[in-house]
Amino acid sequence: MPAPIQFDLDRLRDTRLRPIGEKLRAGERLTADDALTLYQSPDLLGVGAMADAANRAKHGDVVTFAANQHINPTNVCVLRKTCVFCGYARLPKEEGAYRYTLEQVLAESDRADGTITREFHIVGGLDMQAGLEYYQTMFRALKARHPQVHIKALTAVEIAHIARIEKMSREDVLIALREAGLDTMPGGGAETFSAAVRDVIADKKLGGTDYIDVHRTAHRLGIRSNCTMLYGHVESMEDRVQHLTMLRDLQDETGGFLAFIPLAYHPDDNELGKTLGREGTATTGFDDLRNLAVGRLFLDNFEHIKSHWIMVSSAVSQIALHFGVNDIEGTVVREKIYHAVGAHTPQGMTLPALLTLIRGAGKRPAERDSFYRILREFDDASADPTADPLALTTH
Ligand code: V47
Ligand code: SF4
């Protein structure tokens, strides 16, 4: 049972939202039909106000972020032709294909030296030449060189790929990688679980049930993970609700998810964007905020809802702090996946920029570790709510 949420029902302009507001006030769980109503209602401010109340009940005014660095060791991927939404992957001999040597990974990781980076977020393509040993060697070397840095690495899809090419069970792959230094797993690869949607956007990719199953196995082994949902392509509102239901069910079962991160589809420089005639038209701010707010309300068993500023812009991420979001993707340093598909945001954000962004929304910034434990709060009464976070970002 979720905790009851204090909320003024008069803030709801759409009368269809009132029974949902009443359920939240009574501490009742929302149904799939409720989630559909939340998605369909034009009363974004009403949905947002409920999500804000639910978020404040859990986190007050605190907004967390992690000092992290993304490392993408290979863009070679066997699904290059079939994940039609992806602009990052390459075939082995294709122009622009790369696979880092261990020395290159270490050189990239050395950007963390002298900074506050505490987490490496490592994901890449499904590369036939990047099997278990490639990642074991990498993780061991990273841990030896940066012992204080947490390794959040490899999506469920990558785990299943390594298991397939090594002819091992997914569980044994996870055990071997954990022994080499893997601490937690990111949430990528989920896309939208609906089989009909996957047929169109990611025909050969690990299916939704298998994605859930890899996370279930990881949670059973004590490896916590994030989860995502890619939205704004060909999925329906019903598909989104089905996706969230599968995530909520697994969380009921294991409690192993740390955060939910909705990912906005970017239509540039990928096959799907061309086919749909969508190039140059990213998701709307309205839909970005709605996905975050519905995530907060429906996923009542999740502590953390994260906005990924690189995908939805720092401006939308800042507003999202009043639509149910309590965490914002971190410093990142050098982002590649969305910058291959038309993201116009910078590739990383400095600490002062993140602080300005959070304070500008009237919130209290706090740096966290990879398990969302608060490491330090930044109290500063001189916060300037009119400051422009983009003016401070690195390029
Ligand atoms: O699974 C690929 C997405 C994901 C496109 O767990 C695209 O903390 C939009 O999951 N438009 C990988 N998205 C990134 C990811 C992630 C990011 C930040 C934090 C965490 C976390 C996870 O990127 C893929 C896919 O859904 N992606 N192409 C595109 N054209
Ligand atoms: Fe490969 Fe992932 Fe891109 Fe699909 S989304 S082509 S699995 S890198």
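Chains are numbered independently. Their residues run from 1 in the order of the written sequence. By the order in which they are written, chains take letters starting at A while ligands take numbers starting at 1. Whole-chain, interface and lining totals are the exception, using all residues; otherwise, since this is a predicted model, local features are given only for residues with pLDDT of at least 70 and side-chain atom pairs are given and counted only at 80 or more. As a convention, hydrogens and water are excluded, and side-chain values are obtained from all of the structure's heavy atoms.

Caption draft 1: Region of the structure containing the overall build of the protein chain. Think of it this way: any DSSP run of H or I at least four residues long counts as a helix, any run of E at least two long counts as a strand, and we number them from the N terminus. What the protein chain contains, in helices and strands, is 14 helices and 10 strands. C-alpha atoms define the radius of gyration, and 2.2 Å times the number of residues to the power 0.38 defines the globule rule. For 395 residues, the compact-globule formula gives about 21 Å, and the C-alpha radius of gyration of the protein chain, at 20 Å, lands near that figure. Once the C-alpha set of the protein chain is aligned to its principal axes, its extents read approximately 60 × 50 × 40 Å. A simple rule labels every residue: compare its accessible area, found with a 1.4 Å probe on the protein chains alone, to the largest value its type can have, and call it buried under 20%, exposed over 50%, or partly exposed in between. Buried residues in the protein chain amount to 61% of all 395 residues. Here a residue-residue contact requires only that any non-hydrogen atoms of the pair lie within 4.5 Å. When contacts within the protein chain are restricted to residue pairs at least 6 apart in sequence, those whose partners lie at least 24 apart make up 75%. Using the Shrake-Rupley algorithm and a 1.4 Å probe, accessible areas are obtained, with residue cover drawn only from the displayed protein chains. In the form shown here, the protein chain has an accessible surface area of approximately 15,500 Å², with 52% of it arising from carbon and sulfur atoms.

Caption draft 2: Just the site of ligand 2, in detail. Note on definitions. A residue lies near a molecule or strand when any single heavy atom of the residue is within 4 Å of it. In the vicinity of ligand 2, the contacting residues are C77, L79, C83, F85, C86, A89, G125 and K205. Split by residue class, the shell around ligand 2 holds 6 nonpolar, 1 polar and 1 charged. Throughout this entry, Asp, Glu, Lys and Arg are counted as charged residues, while Ala, Val, Leu, Ile, Met, Phe, Trp, Tyr, Cys and Pro are counted as nonpolar. The remaining residues, Gly among them, count as polar.

Caption draft 3: Focus on the pattern of salt bridges. Salt bridges are defined as contacts in which a side-chain nitrogen from Lys or Arg sits within 4 Å of a carboxyl oxygen from Asp or Glu. What the rule picks out here adds up to 29 salt bridges. Across the pair R240 and E235 runs a salt bridge whose closest N-O atoms are separated by 2.9 Å. With respect to burial, R240 and E235 carry one shared label: buried. One connected set of salt bridges, linked through shared partners, spans D52, R56, D61 and K363.

Caption draft 4: Seen up close, the sheet that holds strand β8 (residues 327-328). Taken in spatial order, the 7 strands line up as β5-β6-β7-β8-β1-β9-β10 in an open sheet, and their pairing is mixed. Each end of this open sheet is capped by a strand with a single partner; those strands are β5 (225-231) and β10 (374-377). Bridging between strand β9 (residues 364-368) and β10 involves 3 bridges; their strand directions are antiparallel. Opposite R368, over in β10, you have I374 as the bridge partner. Along the sheet face, helix α10 (residues 237-254) touches β5 and β6 (257-264) and points at about 175 degrees away from the line of β5. Simply put, an axis is a line fit to the C-alpha atoms, just over the touching stretch for a helix, and the angle between two N-to-C directions goes from 0 to 180 degrees. Contacting β5, β6, β7 (304-307) and β8, helix α13 (residues 309-320) crosses the sheet at an angle of about 115 degrees to β7. In this scheme, strands are said to pair when DSSP sees at least two bridges between them.

Caption draft 5: Just helix α6 (residues 156-166), in detail. Along α6, 8 of the 11 residues are buried, which leaves the element largely enclosed by surrounding structure. For α6, the full list of buried residues reads A156, V157, E158, I159, A160, H161, I162 and A163. Structurally, α6 contributes buried residues whose contacts are with α5 (132-145), α7 (170-180) and α9 (208-220).

Caption draft 6: Highlighting unusual backbone geometry. Phi is positive for E191, which is not a glycine, with a value near 50 degrees. With respect to the helices, strands and loops of the structure, E191 is situated in the loop between α7 and α8 (195-201). Positioned with a positive phi, D269 is a non-glycine residue whose angle comes to about 55 degrees. Among the secondary structure elements, D269 is positioned in the loop between β6 and α11 (271-275).

Caption draft 7: The packing of aromatic side chains, seen in detail. Think of it this way: a Phe, Tyr or Trp ring, Trp meaning its six-membered ring, pairs with another when their centres are within 6.5 Å, and the plane angle makes it stacked under 30 degrees, edge-to-face over 60, tilted otherwise. Enumeration over the complete set of coordinates arrives at 6 aromatic pairs. Both rings, one in Y98 and one in Y100, keep their centres 5.1 Å apart while their planes meet at 35 degrees; by these two values the pair is tilted. Judged by centre distance (6.0 Å) and plane angle (45 degrees), the ring pair of Y135 and F139 falls under tilted. In this pair, Y135 and F139 are both assigned in helix α5, 4 residues apart and thus about one turn of the helix distant. For the pair formed by Y135 and F139, the shared burial category is buried. Ring-pair connections join several aromatic residues into one group, and the members of that group are Y134, Y135 and F139. Placement of a positive charge over a ring is assigned whenever Lys NZ or Arg CZ falls within 6 Å of the ring centre and within 35 degrees of the normal to the ring plane. Between R248 and the ring centre of F298, over which it is positioned, the NZ or CZ distance is 3.8 Å. One cation-aromatic arrangement involves R368 over Y372; the distance from NZ or CZ to the ring centre is 3.7 Å.

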